[in-house]
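# Examination of the molecular architecture
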Amino acid sequence: MKLCKNDTLASMNVFKLILMCVLFMYLIVITFEIPHIFQTGIGFVDTVFVDNSFRQTPKRFIKSVKKVSGLVLDEHAFEGISKNENFTELVEMARKAIVLGKNYWDEIVSGKVKFEFGEKIMGNDSVECPKSLSLSEFQVRRNSGMVFLQCGLGLGSYITVVGRPKKAHLVRYPKFGLRRGEEKMVSQFIIELQGLKAVEGEDPPKILHFNARLKGDWSRKPVIEQNTCYRRQWGSPWRCVGKMSKANEETVDGQVKCENWFQNDEDLSRKANISRWINRLMGRTKKVPNWPFPFVEDRMFVLTLYAGIEGFHVNVDGRHVTSYPYRGFTLEDATGLLIKEDVVVHSVFAASLPTTQLSFTPQRHLEWVPKWQAPPLFDSPVEVFVGILSAGNHFAERMAVRKSWMQHESIKSSNAVARFFVAMHKRKDINVVLMKEADFFGDIVIVPYMDNYDLVVLKTLAICEYGVRTVAAKYIFKCDDDTFVRLDAVVKEAKKARKDRSLYAGNINYNYKPFRHGKWAVTLEEWPDILYPPYANGPGYIISSDIASHVVSEFEKHRLRLFKMEDVSMGMWVNEFNKSRPVEYVHSLKFCQFGCIEGYYTAHYQSPGQMKCLWEKLQRRGKPQCCTSR
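Residues numbered from 1 in each chain as written. Predicted model: local features only at pLDDT ≥ 70, side-chain atom pairs only at ≥ 80, totals over all residues. Heavy atoms only, no water.

In the nomenclature of an unreviewed UniProt entry, the protein corresponds to Hydroxyproline O-galactosyltransferase GALT6-like from the organism Heracleum sosnowskyi. Looking at the Pathway (unreviewed entry) heading of the UniProt record, one finds this comment for the protein: "Protein modification; protein glycosylation." If you open the UniProt record of the protein and go to Cofactor (unreviewed entry), you find "Mn(2+)". (UniProt positions renumbered as here; feature names shortened; annotations may be inferred.)

Structure (structure tokens):
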């Protein structure tokens with residue numbers, strides 16, 4: 001049967017309509033899929049089915065863990081530095097440290113130095129201690145006022161000191177903050193609990209500093225000041241001035257931090273006296289005894305220091321006087337009691353002491369749990385790389401960082417990477433444990449030179465090299481192992497920078513003059529200029545990857561000037577870089593140089609206990625708060 005012309009046209013129109021519909025559906029699919037294809041990358045996708053829907057994610061390849069720095073350190077690394085640049089002493093020191101460090105490293109790698117965890121390393125594997133101890137006046141004086149508590153303290157431990165404050169003596173300028181020509185009568189004594197074995201080779205932290213000033217301080221009234229100190233940095237002092245702590249202030253094990261004391265009613269203002277007596281006569285308030293200041297010149301006292309759950313409690317002559325929170329320190333680290341200044345100690349008695357304590361070995365701080373291992377390192381670039389300066393024997397500090405801010409989601413998801421940079425320690429057994437730590441946790445990069453404070457700048461160079469070549473980070477953040485880092489705040493600060501400039505951000509010092517005397521003295525040969533270039537303080541600063549790349553390149557060309565202060569060195573390098581390419585300098589006090597401030601980006605000089613406290617507060621309360629009170 002032959003179709004008519006109209007039927008043929010109708011069939012063709014239906015076919016065209018179907019074809020157009022199919023083409024239209026195809027265009028819709030392509031429209032939605034093209035952006036996704038560009039995001040994932042052609043040929044490098046995994047297919048994942050979730051709720052019957054189709055999506056594609058980029059395939060990430062895991063890199064092998066790099067345990068040794070890729071920075072080329074050998075005796076020829078500084079040949080291009082001219083002897084006229086006044087760096088010959090530092091360069092010679094670096095050469096010796098590199099040669100010695102490489103020898104130590106080769107011995108460990110070859111297996112010549114071995115150590116198993118059952119072996120002794122820093123004394124006995126376990127320490128047996130007496131439950132109590134008693135020292136006479138002669139014994140205390142022979143030890144220069146130091147009482148050794150080999151196993152530290154435990155919950156319920158107490159120490160009783162029988163002593164007598166000396167009579168006040170005249171002190172002249174420049175002691176005790178006096179001005180030129182000033183003088184005053186002083187009678188004070190100090191009792192300190194110290195962590196003698198906390199970190200080898202460093203000043204022990206002052207776990208409790210109890211300072212009784214019988215003649216007062218600037219207030220000119222008797223006062224008891226309590227504080228803690230970590231790496232020479234004091235916390236916020238707590239001063240007891242004779243007035244009981246307020247009811248709304250936190251207590252320690254239910255005890256107020258300060259009790260009342262008044263020498264007599266003249267210590268109160270006239271108005272306060274009248275008001276107090278009227279209230280008493282009308283029965284509005286209970287009578288509060290006017291205890292005297294607990295210490296009197298040339299009069300015997302009996303002081304008992306008790307270790308509670310939340311802090312220390314001090315009783316004098318049977319009466320509670322002060323209580324003080326632990327502030328992140330542990331009782332087992334309180335291995336020394338020091339009594340000094342204007343006091344005659346007649347006897348010291350300590351009881352309820354722990355009798356057994358694991359030895360003060362490096363591995364006692366390490367927790368060999370997979371939970372604390374570093375996540376895998378992928379081949380894709382990251383937003384920020386965090387390089388952490390650490391020393392070989394800082395096992396407790398590294399463990400505290402792993403259990404606190406290194407648990408941030410950015411690091412756990414490998415969007416950010418953090419690594420410790422450690423040089424060789426003078427003790428070979430510590431280096432062996434360090435290697436085992438690096439193998440297990442996967443977050444340590446060894447810089448093979450003999451560690452030296454004046455050569456920390458070599459670790460900074462290694463951080464730059466690792467951040468640029470191993471992780472290809474957009475920004476590099478350098479900090480210390482006693483710095484608590486709010487990683488989200490650091491990344492946010494970096495992202496605020498101008499896109500057309502390089503970045504150098506931190507707590508920046510401008511117009512800073514070098515010290516010519518004292519511990520941090522710099523000679524004219526080392527630094528002849530009047531001022532340092534602007535530089536960010538070492539506990540935490542950000543540089544963009546182009547600056548880091550330039551620094552590494554200049555070092556490899558043997559043209560990089562070195563300086564013994566690593567933060568000043570970075571300021572010097574950025575200053576040179578800024579001459580050819582513009583750098584945005586971003587200054588913020590929230591990169592806290594000393595201690596902690598509310599709203600911090602970084603907090604410095606934080607003990608391992610304070611690290612964990614800061615992290616818990618950040619997790620629980622959702623905002624940065626310091627741990628100076630508890």
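Of regular secondary structure, the protein possesses 12 helices and 28 strands. Evaluated residue by residue, the protein yields a buried proportion of 49% over its 630 residues. A separation of at least 24 residues holds for 72% of the contacts in the protein among residues at least 6 apart in sequence. Carbon and sulfur atoms provide 55% of the accessible area of the protein, an area that totals close to 32,400 Å². (Helix = DSSP H or I, 4+ residues; strand = E, 2+ residues; numbered from the N terminus. Buried < 20%, exposed > 50% of the residue type's maximum accessible area, 1.4 Å probe, protein only. Contact = heavy atoms within 4.5 Å. Areas by Shrake-Rupley, 256 points an atom, 1.4 Å probe, with all protein chains shown as cover.)

On to the side chain of Ser69. With respect to the helices, strands and loops of the structure, Ser69 is situated in the loop between strand E2 (53-58) and helix H2 (88-110). Here the side chain of Ser69 touches Leu71 through a polar contact of 3.1 Å, landing on its backbone nitrogen. Sequence-distant contacts of Ser69, that is, excluding residues within four places in its chain, are made with Val445, Ile446, Val447, Ala462 and Glu465. (Polar contact = N/O pair within 3.5 Å; in protein donor to acceptor, adjacent residues only side chain to side chain.)

Tallying each qualifying case throughout the model produces 26 aromatic pairs. Taken together, a centroid distance of 5.2 Å and an interplanar angle of 10° make the contact between Phe189 and Phe301 stacked. In this pair, Phe189 sits in strand E9 (residues 188-194) while Phe301 sits in strand E14 (residues 301-307), placing the two residues 112 residues apart along the sequence. When its relative accessible area of 2% is taken as the criterion, Phe301 is described as buried. Consider the rings of Tyr504 and Tyr585, whose centres lie 5.5 Å apart with planes at 75°: the pair is edge-to-face. With Tyr504 in strand E25 (residues 502-509) and Tyr585 in strand E27 (residues 583-587), this pair connects stretches of sequence that are 81 residues apart. You can call Tyr504 buried: its relative accessible area is 0%. Here a set of aromatic residues connected by ring pairs shows up, and it is made of Phe189, Phe210, Trp261, Phe293, Phe295 and Phe301. Directly above the ring of Phe441 sits Arg402, whose terminal nitrogen or CZ lies 4.0 Å from the centroid. Over the aromatic face of Tyr104 sits the side chain of Lys428, whose NZ or CZ is 5.1 Å from the ring centroid. (Phe/Tyr/Trp six-rings, centres within 6.5 Å; stacked < 30°, edge-to-face > 60°. Lys NZ or Arg CZ within 6 Å of the ring centre and 35° of its normal.)

Moving on, we come to the sheet that holds strand E15 (residues 311-316). The antiparallel open sheet is built from six strands, whose spatial order is E4-E18-E6-E14-E15-E16. Both edges of this open sheet fall to strand E4 (133-136) and strand E16 (319-325), since each of them pairs with a single strand only. Neighbour-to-neighbour, the strand axes of this sheet turn through a mean angle of 20°, independent of strand direction. (Pairing = 2+ DSSP bridges. Axes fitted to C-alpha atoms, helices over the stretch in contact; angles between N-to-C directions.)

Once that is clear, we can look at the state of the cysteines. According to the stated counting rule, one finds four disulfides in the structure shown. Across the disulfide, Cys240 is cross-linked to Cys258 (sulfur-sulfur distance 1.9 Å). Judged by the sign of its S-S torsion, about -75°, the bond between Cys240 and Cys258 is left-handed. Of the two residues, Cys240 sits in strand E13 (residues 238-240) while Cys258 sits in the loop between E13 and helix H4 (270-281), which places them 18 residues apart along the sequence. One exposure class covers both Cys240 and Cys258, and it is buried. For the protein, the bonded cysteines pair up as 1-2, 3-4, 5-7, 6-8 when numbered in the order they occur along the sequence. (Disulfide = S-S within 2.5 Å.)

To continue, consider the sheet that holds strand E20 (residues 382-389). Spatially, seven strands are ordered E22-E21-E20-E23-E26-E25-E27 in an open sheet, and the strand pairing comes out mixed. The open sheet has two edge strands with one neighbour each: strand E22 (444-450) and E27. Adjacent strand axes in the sheet meet at a mean angle of 20° when their direction is disregarded. One ladder, built from six bridges, connects E20 with strand E21 (residues 416-424); its direction is parallel. By the bridge assignment, Phe385 is partnered in E21 with Val417. Against the sheet, helix H5 (residues 395-402) touches E20, E21 and E22, its axis set at about 175° to E21. Lying over the sheet, helix H7 (residues 428-441) contacts E21 and E22, oriented at roughly 155° with respect to E22.

Attention now moves to the pairing of strand E18 (residues 343-351). Two elements, E4 and E18, share four bridges in a ladder whose sense is antiparallel. By the bridge assignment, Ser134 is partnered in E18 with Phe349. In the sheet, strand E6 (residues 158-165) pairs with E18 via eight bridges, with the strands oriented antiparallel. Pairing of Thr160 across the sheet is with Phe349, part of E18.

The side chains of a regular strand alternate between the sheet's two faces. The buried count for E9 comes to seven of seven residues, which makes it a mostly enclosed element. Here E9 shows two buried faces, one formed by Gln188, Ile190, Glu192 and Gln194 and the other by Phe189, Ile191 and Leu193. Examined bridge by bridge, E9 and strand E17 (residues 336-341) share six bridges and lie antiparallel to one another. Within E17, the position partnered with Ile190 by the bridge is Lys340.

Looking at the element boundaries, Phe420 is found in strand E21. Each C-alpha atom of the pair Phe420 and Ile446 lies 8.4 Å from the other, and the pair is 26 residues apart in sequence. Setting aside its immediate chain neighbours within four residues, Phe420 contacts Ile388, Ser390, Arg398, Val401, Arg402, Met406, Asp443, Ile444 and Val445.

Attention now moves to the pattern of salt bridges. Counting across every chain of the model gives 21 salt bridges. A salt bridge links Asp439 to Lys67; the nearest nitrogen and oxygen atoms lie 2.5 Å apart. One end of the pair, Asp439, is in helix H7; the other, Lys67, is in the loop between E2 and H2, and 372 residues separate them in sequence. Salt bridges linked by common partners bring Arg398, Arg402, Glu437 and Asp443 together as one network. (Salt bridge = Lys/Arg side-chain N within 4 Å of Asp/Glu carboxyl O.)

This brings us to the confidence of the model for the protein. Here the protein averages 82 in pLDDT, while 78% of its residues score no lower than 70. Within the model, pLDDT remains below 50 along residues 32-57, and this stretch shows 24 contacts once partners closer than five positions in the same chain are excluded. Taken together, the stretch residues 263-268 has pLDDT below 50 and engages in 12 contacts with residues farther than four places along the chain or on a different chain. (pLDDT = per-residue confidence, 0-100.)

It is worth spelling out unusual backbone geometry at this point. A positive phi is found at Ser144, a non-glycine position, where the angle reads about 55°. A relative accessible area of 60% places Ser144 in the exposed class. Although it is not a glycine, Ala472 adopts a positive phi angle of roughly 50°. Among the structural elements, Ala472 can be located in the loop between helix H8 (457-470) and strand E23 (473-480). According to the relative accessible area criterion, Ala472 is partly exposed, its value standing at 38%.

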